[in-house]
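Survey of secondary and tertiary structure
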Amino acid sequence: MTRFPVLALSILLAGPSILACTKRPRTSPPRPPITVVCITPNVYRIYIGGYLSVGGNQATFCACGLGLPVSQNAITGVVAASILDNATGEPLQFANNTPVFPFQPNATSTSAIQAIMGTTVTASGFLASVGASSTLPIPKNVCVTFCFEITTNPNAPQGAVLQALSSAQIFGDEANPNGAPKGSHPTLVTASGASPGCIMYYKFDRGFGTEEINYEGTSGGAPATGTMIKGTTPASSWVGTRPGFGLAMQGSTPSNATSFNYCDTGWKGGITGEMTVAWWCKERQPAGTLANYLWGGFSGGFRCFTGGVAGAGLYVRSTPGDIILPATSNFTTLAQRAQGVCVAVVVSNSATAGVQAQWYLDGVASGSPITLTSFAVATSTSNFTIGRHLSDSTASAFDIDEFKLCNYAATPLEIRQWCAATWAAWGSLGRPWGLWHGCVNGPPRLGNANYGLTIEGDPNSLALLVLGFKPIPPFDIGRWFGQSRCLWYTGFDYQTLAVLNAQGELLLPLAIPNQQTLVGLSIDSQVLGRSPASTVVDISNMNSTKIELN
């Protein structure tokens, strides 16, 4: 990417400007939700908001394309599609009572998505696109929902299916606010409305401030960021840990009443049917023989601890049946190693085995499956915390890293993959004042040549994209202009100027080569912008990208 001197910042801000903190904070565009609903274990429907408008005898459709990845052969086809009238929920019909069905499914895994919105977009996967127009009249202008029915491979791990569905690319008409935004991703839901994906994923890699990114965003029902809370010790919330894994949340001294360090996720719980919890931990301080908590919440409810009745093992409580990793598991010895230990507990529910819980250490099953009568975690008035259980006054003695909580049962293969490598991820910090900054085309993994950064704001705005390669303490950039609470998170290592198009959007390709030397690289980016007709300077949220193996 072109390098510009920091002088570009002064050029952008020159003139009688005020910062956009005085404006209403911008969030993601107010588009209809894009969701994936699980109909049966191997059938999903993707719902995409759109519109139809009438001009004379011609109906114009929101151009809408769907690209699905074919990794691990998780997706087998787009088998049906329809357009639903939002007012009735029924398939829309033309005036002559024939169904509106302009989709052209293409189940060739090597096909390209082309001619959408008058551009050519190349991507591997399936395609089902809406024609630009029809000569048949329709009864009225109407907001609609495009419905694609997807079948999945029954032999593929559920995690692979969910990852493929969440990586789907929606290509739509940005010019109309009722259309699906180009390059957006669906939100995974079940028929009951609960997410079958992960609720939270904390990498604990920022190293400054009190905000910590939940890399699952809000799709799983938890807040997009958590809050780091600590007592008078330790001096920092973060600590260097295993080689190549960046930072971790630092453990504390359980015997010291003022020594605690934990992440308040803001999530109040609610899981039914199945669950996976996975994390890395390393004993920083002697845990002792009293109960020492690694995570928990819910006012004395759902929690995991060692010590006490758990002995040298682990204990998960407040489920219908306790889930015990016995002392003979060697957990304590593994957690005392320099690299620590990767821990996971999976609760599955199958027609043959019923409800079972299985522990894993370093990606390998530890002990036999534990039979449960059922499984559910109730909601609560208190928040779920990582590194402490709020009903207990002691701190966690363990450094904790790469914490995942999912409401589906991960496969043994997934657990091995999680323990064997770190995971690429994108997250966001801060509030978008006038500009929204995100990414498209899947996670920022090695070899992802289609990865890109996006900027959305006022049409034809001038934008200064700033990139930083090491975390800096966030500061209030609004104070430069007599305002407040406009936080800037990004170091000024590289800058480039660009102009948003007539729809107020910009895609900046950021192809990631397949080079092992890039593993672990963090790229923070943030945008300053200014509309040609405005004296107001806008600021975006911070886009945090972690390039890793998956």
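Predicted model only: the values in this text are computed from it and were never measured. (Residues numbered from 1 in each chain as written. Predicted model: local features only at pLDDT ≥ 70, side-chain atom pairs only at ≥ 80, totals over all residues. Heavy atoms only, no water.)

Section: the overall build of the chain
- Within the chain, the secondary structure is distributed over four helices and 39 strands.
- Expressed as a percentage of the 550 residues in the chain, the buried residues total 54%.
- Entry remark: accessible area of the chain is about 21,900 Å², with carbon and sulfur atoms responsible for 55%. (Helix = DSSP H or I, 4+ residues; strand = E, 2+ residues; numbered from the N terminus. Buried < 20%, exposed > 50% of the residue type's maximum accessible area, 1.4 Å probe, protein only. Areas by Shrake-Rupley, 256 points an atom, 1.4 Å probe, with all protein chains shown as cover.)

A short note on the nonpolar core
- Grouped together as the largest cluster of nonpolar side chains are 45 residues, with contacts concentrated most on Trp279 and Phe403.
- Discounting residues that sit within four places of it in the chain, Phe403 has contacts with Met200, Tyr201, Tyr202, Phe204, Val277, Ala278, Trp279, Trp295, Phe384 and Ile386.
- Counting residues in each nonpolar core, the second largest holds 36 residues, with Ile46, Phe148, Trp418 and Cys419 among its members. (Core = buried A, V, L, I, M, F, W, Y, C linked by side-chain atoms within 4.5 Å. Contact = heavy atoms within 4.5 Å.)

Quick notes on unusual backbone geometry
- A cis geometry characterises the amide bond from Thr233 onward to Pro234, with omega recorded as 0 degrees.
- Here Pro234 shows up in the loop between β13 (225-230) and β14 (238-240).
- A positive phi angle, close to 50 degrees, is found at Glu402, a residue other than glycine.
- The residue Glu402 is located in strand β28 (residues 398-406) in this model.
- Judged by its relative accessible area of 8%, Glu402 falls in the buried class.

Concerning the environment of Ile472
- Inspection of the secondary structure assignment puts Ile472 in the loop between β32 (462-468) and β33 (475-476).
- Taking the C-alpha atoms as reference points, Ile472 and Arg206, 266 residues apart in sequence, are found 8.6 Å from one another.
- Other than its neighbours up to four places away in sequence, Ile472 contacts Arg206, Phe208, Tyr489, Thr490 and Gly491.

A short note on the confidence of the model for the chain
- Averaged over all residues, the pLDDT of the chain equals 75, while 68% of them reach at least 70.
- Below pLDDT 50 for its whole length, residues 1-16 participates in 30 contacts with residues either more than four positions away or in separate chains.
- Contacts for the low-pLDDT stretch residues 173-178, under 50 throughout, to residues beyond four places or in other chains number 24 contacts. (pLDDT = per-residue confidence, 0-100.)

Regarding the pairing of strand β16 (residues 261-264)
- Residues Asn261 and Cys263 of β16 are buried on one face, and the alternating residues Tyr262 and Asp264, pointing to the opposite face, are buried as well.
- As paired elements, β13 and β16 share four bridges and run antiparallel to each other. Residue pairing in the sheet places Lys230 in a bridge with Asn261 of β16.
- In terms of strand pairing, β16 meets strand β27 (residues 385-386) through two bridges, oriented antiparallel. (Pairing = 2+ DSSP bridges.)

Overview of the side chain of Thr306
- Within the element layout of this structure, Thr306 appears in strand β20 (residues 303-306).
- Contacts of Thr306, omitting those with residues within four sequence positions, involve Leu290, Ala291, Asn292, Leu294, Gly311, Ala312, Gly313, Leu314, Phe331 and Phe398.

Concerning the sheet that holds strand β21 (residues 314-317)
- As summarised here, the arrangement of the eight strands in space is β12-β13-β16-β27-β19-β20-β21-β22, forming an open sheet in which the pairing is antiparallel. Only two strands of the sheet have a single neighbouring strand rather than two, namely β12 (211-213) and β22 (323-325).

Some details on the state of the cysteines
- Throughout the structure, instances matching the rule amount to two disulfides.
- Paired by a disulfide, Cys198 and Cys406 hold their sulfur atoms 1.9 Å apart. Here the disulfide of Cys198 and Cys406 is right-handed, its torsion about the S-S bond being about 70 degrees. You can see Cys198 sitting in strand β11 (residues 198-202) and its partner Cys406 sitting in strand β28, a full 208 residues away along the chain. (Disulfide = S-S within 2.5 Å.)

A look at the pattern of salt bridges
- Using the criterion set out here, one finds nine salt bridges in the structure.
- Linking Asp205 and Lys546 is a salt bridge whose minimum nitrogen-to-oxygen distance equals 2.6 Å. Taken together, the positions of Asp205 in the loop between β11 and β12 and Lys546 in strand β39 (residues 542-546) put the pair 341 residues apart, joining distant regions of the chain. The same class applies to Asp205 as to Lys546, namely buried.
- Within this structure, Lys203, Asp205, Glu402, Lys546 and Glu548 form a network of salt bridges that share partners. (Salt bridge = Lys/Arg side-chain N within 4 Å of Asp/Glu carboxyl O.)

Notes on a nonpolar patch on the surface
- Side chains of Leu462, Leu497 and Val499 sit close together on the surface and give an oily, nonpolar patch of about 210 Å² of accessible area.
- Within the fold, Val499 resides in strand β35 (residues 494-499). (Patch = residues over 30% accessible without salt bridge, like charges linked within 9 Å, V, L, I, M, F, W, Y side chains within 5 Å.)

What about the environment of Val440?
- Here Val440 shows up in strand β30 (residues 434-440).
- Taking relative accessible area as the criterion, Val440 reaches 6% and is therefore assigned buried.
- Sequence spacing of Val440 and Leu507 is 67 residues, and the spatial spacing of their C-alpha atoms is 8.6 Å.

Notes on helix α4 (residues 412-420)
- Those residues of α4 that sit buried are Glu414, Ile415, Trp418 and Cys419. Looking down the long axis of α4, one finds its buried residues gathered within 130 degrees of arc, a one-sided arrangement. (Arc of directions from axis to C-beta.)

Overview of the packing of aromatic side chains
- Here the structure, examined in full by the defined rule, presents 16 aromatic pairs.
- Geometrically, the ring pair formed by Trp295 and Phe384 is tilted, given 5.8 Å between the ring centres and 40 degrees between the ring planes. One end of the pair, Trp295, is in strand β19 (residues 292-296); the other, Phe384, is in the loop between β26 (376-377) and β27, with 89 residues separating them in the sequence.
- The class of Phe384 is buried, set by a relative accessible area of 0%.
- On the numbers, 5.5 Å between centres and 75 degrees between planes, the contact of Phe469 with Tyr494 is edge-to-face. Here the residue Phe469 occupies a position in the loop between β32 and β33, and Tyr494 occupies one in strand β35, the gap between them amounting to 25 residues.
- Residue Phe469 is classed as partly exposed on the basis of its relative accessible area, which comes to 33%.
- Residue classification places Tyr494 among the partly exposed residues on the basis of a relative accessible area of 31%.
- Site record: aromatic cluster; members linked through ring pairs are Trp267, Trp279, Trp295, Phe302, Phe384 and Phe403.
- The side chain of Lys404 reaches across the aromatic face of Tyr201, ending 4.0 Å from its centre. (Phe/Tyr/Trp six-rings, centres within 6.5 Å; stacked < 30°, edge-to-face > 60°. Lys NZ or Arg CZ within 6 Å of the ring centre and 35° of its normal.)

Things to note about the side chain of Asn261
- With respect to the helices, strands and loops of the structure, Asn261 is situated in strand β16.
- Using a relative accessible area of 2% as the deciding quantity, one classes Asn261 as buried.
- There is a polar contact of 3.1 Å between the side chain of Asn261 and the backbone oxygen of Ser237. (Polar contact = N/O pair within 3.5 Å; in protein donor to acceptor, adjacent residues only side chain to side chain.)

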